[in-house]
Amino acid sequence: MDKQDTFNTGPLNFSPDTLAQEALRAQDKLRAGLDTLREVDDVDYGATAKEEVWRDGKVVLYRFRGDKAPTAKVPLLIAYALVNRPYMVDLQADKSIVRGLLERGEDVYILDWGYPDRSDRYLELEDYIQRYLGGAVDHLRASHRLDAVNLLGICQGGAFSLCYSALNPGKVRNLVTMVTPVDFHTDDNMLANWVRGVDVDAFVDTLGNVPADIMNFTYLTLKPWRLFVQKYVGLVDILDDKAALEDFLRMEKWIFDSPDQAGEAFRQFAKQFYQGNGFVNGGIDIGGRAVDLGYVDMPVLNVFAQADHLVPPASSKALGGLVGSTDYSELSFRGGHIGIYVSGRAQREVPQAIHDWLAQRSR
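Residues numbered from 1 in each chain as written. Predicted model: local features only at pLDDT ≥ 70, side-chain atom pairs only at ≥ 80, totals over all residues. Heavy atoms only, no water.

Asker: Can you tell me about the packing of helix 4 (residues 125-143) against helix 5 (residues 156-167), naming the residues and giving the values?
Answerer: In the contact formed by helix 4 and helix 5, the axes pass within 10 Å of each other and the chain directions differ by 70°. For the element pair helix 4 / helix 5, the angle class is roughly perpendicular. The residues of helix 5 that touch helix 4, namely those facing Leu-125, Tyr-128, Ile-129, Gln-130, Leu-133, Gly-134, Val-137 and Asp-138, are Phe-160, Ser-161, Cys-163, Tyr-164 and Leu-167. Here the residues of the contact of helix 4 with helix 5 sort into nine nonpolar, three polar and one charged. (Axes fitted to C-alpha atoms, helices over the stretch in contact; angles between N-to-C directions. Helix = DSSP H or I, 4+ residues; strand = E, 2+ residues; numbered from the N terminus. Parallel < 35°, antiparallel > 145°, perpendicular 65-115°, else oblique. Contact = heavy atoms within 4.5 Å. Nonpolar A, V, L, I, M, F, W, Y, C, P; charged D, E, K, R; others polar.)

Structure (structure tokens):
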């Protein structure tokens, strides 16, 4: 750039002409957006047919139905986190880890935790891990006439799956953890650092169930510029693209479709995991039984995302030094906490990697 160009554009590399052009472009996008919004369909989620096969109160176990019958002999049960709805793994036809697994012959089930209300205020971790997750596992063991099933735990659902596997190792044949926090006290875990300073007892005693809006606000403030400003500014660029706009709205629907958290279970999880770092230090108590990851002796595949701001890689990778399994593998994914489910790379890499790993251990 010569001196004249610098004089015309200034140190920030824009001029009155470029600003005017950008303003006109934004006006065109907004004008086109009025037409696009009239054409946008009601955004829905869940690309794959599923049927209810078991229920305990609000908690439902679904079996996904693919275009062809499964070839896997051992069913795969997905346990998602409590803080968001599990349809993130089956968001839409071209963004579905579930569909990728079905296409490769897996027999896929998912546990839907439902929406807790005031009647669930005193549910404990034992209810979620032993009663609900354990009930689903026992149903699959009985219906498939197997001693053990494959378990895929995601984020907090991965922590639940680790606890369940440690307490019931004979019922889990292979364990896959995905973006699962294990060491909650790594220096780069901003969320954990925040929670460690919270008076959890006062918080839960005051609120009862923890409102979803508080949880959502907490997660959004971890990346305030990106999640409060940048993505909505970027929305202008896709206002004239119906498919892209529907994708955006579908993701927004998932982000804000968050259940409240059962108060007592939240208290136990925050204190034993986030504050006590129980997987590393000990002290996790589930219904009077201590959780020791040394009892996780089945094959383990630990999948983590390199750019994960909610569960940093170091938090997940700590699992390798804690489990008792002699068959421990890691899969590092180039992406973030959400990208590991919905990005194009994820659709190509994640289902295939999980399927191949399971297939090698199901002969």
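That shown, we press on.
Asker: Describe helix 11 (residues 263-275), naming the residues involved and giving the relevant values.
Answerer: Three or four residues apart is the spacing at which side chains of an α-helix point the same way, because the helix has 3.6 residues per turn. The element helix 11 is largely enclosed, with a buried count of eleven among its 13 residues. Every buried residue belonging to helix 11 is among Gly-263, Glu-264, Ala-265, Phe-266, Arg-267, Gln-268, Phe-269, Ala-270, Gln-272, Phe-273 and Tyr-274, and all of these are buried. Of the residues one or two after helix 11, Asn-277 is the one with positive phi, at around 50°. (Buried < 20%, exposed > 50% of the residue type's maximum accessible area, 1.4 Å probe, protein only.)

Asker: Tell me what's going on with the sheet that holds strand 8 (residues 172-178), and back it up with residues and numbers.
Answerer: Strands sit in the order 1-2-6-3-7-8-11-12 across an open sheet of eight strands; the sheet is mixed. With partners counted over all chains shown, the strands left at the sheet margins are strand 1 (49-56) and strand 12 (328-333), one partner each. This sheet shows a mean twist of 20° between the axes of neighbouring strands, independent of strand direction. The strands touched by helix 5 are strand 3 (76-79), strand 7 (149-154) and strand 8; relative to strand 7, the strand with the most contacts, the crossing angle is about 140°. Across the sheet, helix 15 (residues 344-360) touches strand 3, strand 7, strand 8, strand 11 (300-305) and strand 12, and the angle it forms with strand 8 is around 155°. (Pairing = 2+ DSSP bridges.)

Asker: Lay out the environment of Met-298 in plain terms, naming residues and giving numbers.
Answerer: Tracing the backbone through its elements, the reader meets Met-298 in the loop between strand 10 (289-290) and strand 11. Among the residues examined, Met-298 registers a relative accessible area of 4% and is labelled buried. For the pair Met-298 and Lys-171, spaced 127 residues apart in sequence, the C-alpha separation works out to 9.7 Å. Ignoring anything within four residues of it in the chain, the contact list for Met-298 reads Ser-165, Pro-169, Val-172, Arg-173, Asn-174, Leu-175, Ser-325 and Asp-327.

Asker: So, the side chain of Arg-267: which residues are in play, and what are the values?
Answerer: Following the sequence through the fold, Arg-267 ends up in helix 11. In this structure, Arg-267 is in contact with Arg-121, Val-200, Asp-201, Val-204 and Asp-205, ignoring residues within four places of it in sequence.

Asker: Break down the pairing of strand 3 for me, with residues and values.
Answerer: Two faces make up the sheet, and in a regular strand the side chains alternate between them. Where burial is concerned, the two faces of strand 3 agree: the one with Leu-76 and Ile-78 and the one with Leu-77 and Ala-79 are both buried. As paired elements, strand 3 and strand 6 (residues 108-112) share four bridges and run parallel to each other. Directly across from Leu-76, in strand 6, lies its bridge partner Val-108. Note that strand 3 and strand 7 share four bridges and pair parallel. Across the sheet, Leu-76 pairs through a bridge with Asn-150, a residue of strand 7.

Asker: An account of empty space enclosed by the protein is needed here, citing residue identities and associated values.
Answerer: One simple way to see leftover space: roll a probe sized like a water molecule over the atoms. Per the counting criterion, the structure on display carries one cavity of 30 Å³ or more. What the largest cavity holds in volume is close to 40 Å³. Around the largest cavity, the lining residues are Leu-82, Trp-113, Gly-114, Pro-116, Tyr-128, Asp-260, Gln-261 and Ala-262. Each residue belonging to the lining of the largest cavity can be placed in one class, and the counts come to five nonpolar, two polar and one charged. (1 Å grid on protein atoms, 1.4 Å probe; cavity = no way out; pocket = protein on both sides within 12 Å on 5 of 7 lines; lining within 4 Å. Points joined across faces, edges and corners; volume = space filled by probe spheres on them.)

Asker: Please set out the pattern of salt bridges residue by residue, giving values where relevant.
Answerer: Any two side chains of opposite charge can pair, given that their charged atoms come close. Per the counting criterion, the structure on display carries 17 salt bridges. For Lys-58, the salt bridge is made with Asp-117, and the minimal N-O distance between the two is 3.5 Å. Of this pair, Lys-58 sits in the loop between strand 1 and strand 2 (59-65) while Asp-117 sits in the loop between strand 6 and helix 4, and the two are 59 residues apart along the sequence. For Asp-117, a relative accessible area of 35% puts it in the partly exposed group. Taken together, the salt bridges that share partners define one network made up of Arg-121, Asp-201, Asp-205, Glu-264, Arg-267 and Lys-271. (Salt bridge = Lys/Arg side-chain N within 4 Å of Asp/Glu carboxyl O.)

Asker: Can you tell me about the packing of aromatic side chains, naming the residues and giving the values?
Answerer: Any aromatic ring pair is given by two values, namely how distant the centres are and how the planes are angled relative to each other. The tally for this structure, following the rule as stated, stands at 13 aromatic pairs. Note on Phe-160 and Phe-269: the rings are 5.9 Å apart at their centroids and 85° apart in plane angle, and the pair reads as edge-to-face. Taken together, the residues Phe-160 in helix 5 and Phe-269 in helix 11 connect sequence positions 109 residues apart. The same class applies to Phe-160 and to Phe-269, which are both buried. The structure contains a cluster of three or more aromatic residues connected by ring pairs, namely Trp-113, Tyr-128, Tyr-132, Phe-160, Phe-184, Phe-269, Phe-273, Tyr-274 and Phe-279. In this arrangement the basic side chain of Lys-50 is found over the ring face of Tyr-62, its NZ or CZ atom lying 5.1 Å from the centre. Positioned above the aromatic ring of Tyr-122, the side-chain terminus of Arg-121 is 4.5 Å from the ring centre. (Phe/Tyr/Trp six-rings, centres within 6.5 Å; stacked < 30°, edge-to-face > 60°. Lys NZ or Arg CZ within 6 Å of the ring centre and 35° of its normal.)

Asker: Quick rundown of helix 5? Include the residues and the values.
Answerer: With twelve residues, helix 5 should cover 16 Å at 1.5 Å per step; its first-to-last C-alpha distance of 17 Å lies within 8% of that length. Burial analysis of helix 5 places twelve of its twelve residues in the buried class, which makes it a mostly covered element. For helix 5, the full list of buried residues reads Gln-156, Gly-157, Gly-158, Ala-159, Phe-160, Ser-161, Leu-162, Cys-163, Tyr-164, Ser-165, Ala-166 and Leu-167. (Expected span 1.5 Å × (residues − 1).)

Asker: Just give me the short version of the pairing of strand 6, but keep the residues and values in it.
Answerer: Most of strand 6 is tucked away, with five of its five residues classed as buried. Both faces of strand 6 are covered, namely the face carrying Val-108, Ile-110 and Asp-112 and the face carrying Tyr-109 and Leu-111. Relative to strand 6, strand 2 is paired through four bridges, and the arrangement is antiparallel. Looking at strand 6, one finds that Arg-63 is bridged to Tyr-109.

Just distances and angles here, no functional claims.
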